[in-house]
Amino acid sequence: MIRVLIKVQRRVIGNVFNYHLRCQQSSSMEETPAQVNSPVSLEGVTVKDATITGKRKSDEPDKPEARGRGKRRRGAGGKKLQPGERCIPPPQKRNPGVGFSQEHFNETSYYFEGGLRKVHPYYYDFKTYCKGRWVGKSLMEVFKSEFRAESPEYYRRAAREGRIRLNDTPVEDLSVVLRNNDHMKNTVHRHEPPVVGRPLEVLVDDGEVLVVDKPASIPVHPCGRFRHNTVIFILGKERGISELHTVHRLDRLTSGVLLFARTLETSQKLDQLVRDRQLEKEYVCRVGGEFPEGELICEEPILVVSFKIGLCRVDPKGKECRTVFQRLSFNGKTSVVRCLPLTGRTHQIRVHLQYLGFPIINDPIYGSSAWGPHKGKGGLLGKSDEELLQALVEEHQTQESLHLLDMPVDGNSRAQEAGKNKEEMDGSCEPGRSSGSEAAIGNDTSVEESQSPTANESNGNQTGLDSPQKTPPVCRDTLCSECKLVRPDPTEKELIMYLHALRYKGPDFEYSTRLPDWAKEDWVEAEAL
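What comes next is a walk through the structure. (Residues numbered from 1 in each chain as written. Predicted model: local features only at pLDDT ≥ 70, side-chain atom pairs only at ≥ 80, totals over all residues. Heavy atoms only, no water.)

Remarks on the packing of aromatic side chains
Phase 1 of the analysis: In this structure the tally under the stated criterion is 14 aromatic pairs.
Phase 2 of the analysis: A centroid spacing of 5.9 Å and a plane angle of 80° characterise the contact between Tyr498 and Trp523, whose relative ring orientation is edge-to-face. Taken together, the residues Tyr498 in the loop between strand E18 (456-458) and strand E19 (499-505) and Trp523 in the segment after strand E20 (510-512) connect sequence positions 25 residues apart. For the pair shown, Tyr498 and Trp523 are each scored as buried. (Phe/Tyr/Trp six-rings, centres within 6.5 Å; stacked < 30°, edge-to-face > 60°. Helix = DSSP H or I, 4+ residues; strand = E, 2+ residues; numbered from the N terminus. Buried < 20%, exposed > 50% of the residue type's maximum accessible area, 1.4 Å probe, protein only.)

Take a look at the structure:
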């Protein structure tokens, strides 16, 4: 009799529990999304009762609702905001497997002029999450300390025009204090430096690897001021090739064999060959003076002095390096040298040649007089790293060739330079319309339309420099200091350094290019710098 009563009691309690769950589920259909994700409230049922009834097999379909008492899902309610407090959305997960697509390639187009490949200025969103060192600082403090490419006045004007956004909301007051997970966007009118206009030649494309002959002056991937004038973007825009895996890199001013993997499997295989040092790289260069005959090995350790411009020097505290050199020819003034780097340090060949007293004759960094009368031979410097950097920057500022160091121009200096070249800019167009940008900027931006009668346009299928299309109008932006500057174009010779990756060899493959003109025996001395 007692057992029967206990069974009846449990059945009644279970029915009551299920009834409350169904009531909660029915009423929640009319609630807001935040309430739907809130924990379920079981009025009149104790925790002990709920635990007992939760074990019944007949209650299995109702278990998902009972689990609502567990951990809250992100975005399901939370503490209420205080007056004046900003709502900061959770950071979005990034997909590392997604590369550049046609959407990115369509931001702007190329045109060719004076032997150079140029990019039409375009509107671009620089995006970043708030870094730990920025938390508690105002937006203006961050701009002044870490984004000095523009002046504070520029950022104030940009904020007034809605170009600066915090969590997708335009910010007019730059005194707003940054918090963790804040997402910042700054829409700029972007200019890219010109590069050599020679076509990018594809040497091999077999479905597993893509091998190209990279011209000097073109970076491998977007970095600094370069985006569309890079190997990755040129291949995407002109040949429709994307989703490449970088196997190795070449300095921007270095030309020659550049290898990409087409698939993840091939990339992993080649990466393992690199780690096992089973890949042989061969370079050629032209140096000043008579390089010694025979094989010469340099094993001096190399230390990075400045990551900003990639400046390195020989130092006992540096990383171990080994480079094998062999002279190929000497014309009475300069020598062509074969270089085999057995390690892969930054600027390894250039630094070791400088240490040996034979810098590459047109190397803008390691052939500079900033190193002193001996130009760094034997590691003799006679100045601190800070003094070396300052001397290097001052030398290139005087020669108006800071672009060779890949250094941004200070915002205040650029503003002063723009003031000297101030031009009236009349007319208007919507920012982004001619540049293919998605950025929404104020409608009151004034621009000037200009045309270059000698330029040739490329929208993606350029294979040479004889495109018959005419350059379309180019928008000029009133906030953009670059639009107000008049800079002479660099010559093709200024963009070329006499260092070339000639061959890339593995256990079962070998890729090579033709010898560059400056490395040939019949090279005319009058062409030397």
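There's more to say after this.
Notes on the side chain of Asn229
Phase 1 of the analysis: Within the secondary structure layout, Asn229 lies in the loop between strand E9 (209-214) and helix H8 (231-239).
Phase 2 of the analysis: Side-chain polar atoms of Asn229 contact the backbone oxygen of Pro193, separated by 3.0 Å.
Phase 3 of the analysis: If we skip the residues at most four places from it in the chain, Asn229 touches Tyr110, Arg117, Lys118, Val119, Glu192, Pro193, Pro194, Val195, Ile218 and Pro219. (Polar contact = N/O pair within 3.5 Å; in protein donor to acceptor, adjacent residues only side chain to side chain. Contact = heavy atoms within 4.5 Å.)

Concerning unusual backbone geometry
Phase 1 of the analysis: The backbone of Glu243 shows a phi angle near 55°, a positive value even though the residue is not glycine.
Phase 2 of the analysis: Among the structural elements, Glu243 can be located in the loop between H8 and strand E10 (245-246).
Phase 3 of the analysis: Residue classification places Glu243 among the exposed residues on the basis of a relative accessible area of 62%.
Phase 4 of the analysis: The backbone phi angle of Arg277 is positive, close to 55°, even though this residue is not glycine.

A short note on the side chain of His228
Phase 1 of the analysis: Mapped onto the elements, His228 comes out in the loop between E9 and H8.
Phase 2 of the analysis: Judged by relative accessible area, which is 0%, His228 ranks as buried.
Phase 3 of the analysis: A polar contact is formed between the side chain of His228 and the side chain of Lys237, at a distance of 3.3 Å.
Phase 4 of the analysis: The residues contacting His228, other than those within four sequence positions of it, are His104, Phe105, Glu107, Thr108, Tyr110, Val119, Tyr122, Glu192, Phe233, Ile234 and Lys237.

A few points about the sheet that holds strand E6 (residues 183-190)
Phase 1 of the analysis: Read across the sheet, four strands follow the order E3-E6-E4-E5 without closing on themselves; strand pairing throughout is antiparallel. Strand pairing shows two members of the sheet lacking a second neighbour, strand E3 (122-129) and strand E5 (169-170), which therefore form its edges.
Phase 2 of the analysis: Note: strand E4 (residues 164-166) against E6, three bridges, orientation antiparallel. Each residue of the ladder has a partner; that of Arg165, found in E6, is Lys185. (Pairing = 2+ DSSP bridges.)

Quick notes on the pattern of salt bridges
Phase 1 of the analysis: If you walk through the whole model with that rule in mind, you get 26 salt bridges.
Phase 2 of the analysis: Across the pair Asp385 and Arg313 runs a salt bridge, and its minimum N-O distance is 2.8 Å. In this pair, Asp385 sits in helix H11 (residues 385-398) while Arg313 sits in strand E15 (residues 311-314), placing the two residues 72 residues apart along the sequence.
Phase 3 of the analysis: Taking the relative accessible area as the measure of exposure, Arg313 reaches 17% and is therefore buried.
Phase 4 of the analysis: Beyond isolated ion pairs, a larger network of salt bridges with shared partners links Glu282, Arg338, Arg503 and Glu510. (Salt bridge = Lys/Arg side-chain N within 4 Å of Asp/Glu carboxyl O.)

As for the pairing of strand E1 (residues 110-113)
Here is the key point about a regular strand: its side chains alternate between the two faces of the sheet.
Phase 1 of the analysis: Of the two faces of E1, both are covered, the one formed by Tyr110 and Phe112 as well as the one formed by Tyr111 and Glu113.
Phase 2 of the analysis: Hairpin connection, E1 to strand E2 (residues 116-119): the antiparallel pair is bridged by two residues, and Gly114 has positive phi, about 60°.

With respect to the layout of surface pockets
Phase 1 of the analysis: Empty space within the second largest pocket amounts to approximately 540 Å³.
Phase 2 of the analysis: Arg198, Ile496, Pro516, Asp517 and Trp518 are the residues nearest the centre of the second largest pocket, which is lined by 22 residues in total.
Phase 3 of the analysis: Counted by class, the lining of the second largest pocket contains 10 nonpolar, two polar and 10 charged residues. (1 Å grid on protein atoms, 1.4 Å probe; cavity = no way out; pocket = protein on both sides within 12 Å on 5 of 7 lines; lining within 4 Å. Points joined across faces, edges and corners; volume = space filled by probe spheres on them. Nonpolar A, V, L, I, M, F, W, Y, C, P; charged D, E, K, R; others polar.)

Description of the packing of helix H6 (residues 139-146) against helix H7 (residues 152-160)
Phase 1 of the analysis: Taken N-terminus to C-terminus, the directions of H6 and H7 make an angle of 140°; their axes are 10 Å apart at the nearest point. Classed by the angle they form, the pair H6 and H7 counts as oblique. Here H6 runs over H7; the crossing is right-handed. Taking contact as the criterion, the partners of Met140, Phe143 and Lys144 in H6 are, on H7, Pro152, Tyr155 and Arg156.
Phase 2 of the analysis: Residue composition of the contact of H6 with H7, grouped by class: four nonpolar, no polar and two charged. (Axes fitted to C-alpha atoms, helices over the stretch in contact; angles between N-to-C directions. Parallel < 35°, antiparallel > 145°, perpendicular 65-115°, else oblique. Left-handed = near helix turned anticlockwise from the far one by under 90°.)

Examining the pairing of strand E16 (residues 323-330)
Phase 1 of the analysis: The pairing of strand E13 (residues 295-298) with E16 spans four bridges and is antiparallel. The residue of E16 that forms the bridge with Leu296 is Phe325.
Phase 2 of the analysis: Bridge analysis of E16 against strand E17 (residues 334-341) gives seven bridges, and the strand direction is antiparallel. Considered in E17, the bridge of Arg327 is made with Val337.
Phase 3 of the analysis: In this antiparallel pair of consecutive strands, E16 and E17, the connection spans three residues, and Gly332 shows a positive phi of 105°.

Description of the nonpolar core
Across soluble globular proteins, nonpolar side chains show a tendency to be buried alongside one another.
Phase 1 of the analysis: Judged by nonpolar contacts, the single largest core of 71 residues is most densely connected at Leu139, Leu174, Leu235, Phe260 and Phe325.
Phase 2 of the analysis: When residues of this core are assigned to their parent elements, the largest contribution, five residues, is made by H8.
Phase 3 of the analysis: What Phe260 contacts, discounting residues up to four positions off in sequence, is Glu208, Val209, Leu210, Val212, Val220, Val231, Ile232, Leu235, Leu244, His245, Thr246 and Val247.
Phase 4 of the analysis: Counting residues in each nonpolar core, the second largest holds 16 residues, with Ile309, Ala370, Trp371 and Leu388 among its members. (Core = buried A, V, L, I, M, F, W, Y, C linked by side-chain atoms within 4.5 Å.)

So far we have only geometry, and geometry alone does not tell us how the molecule works.
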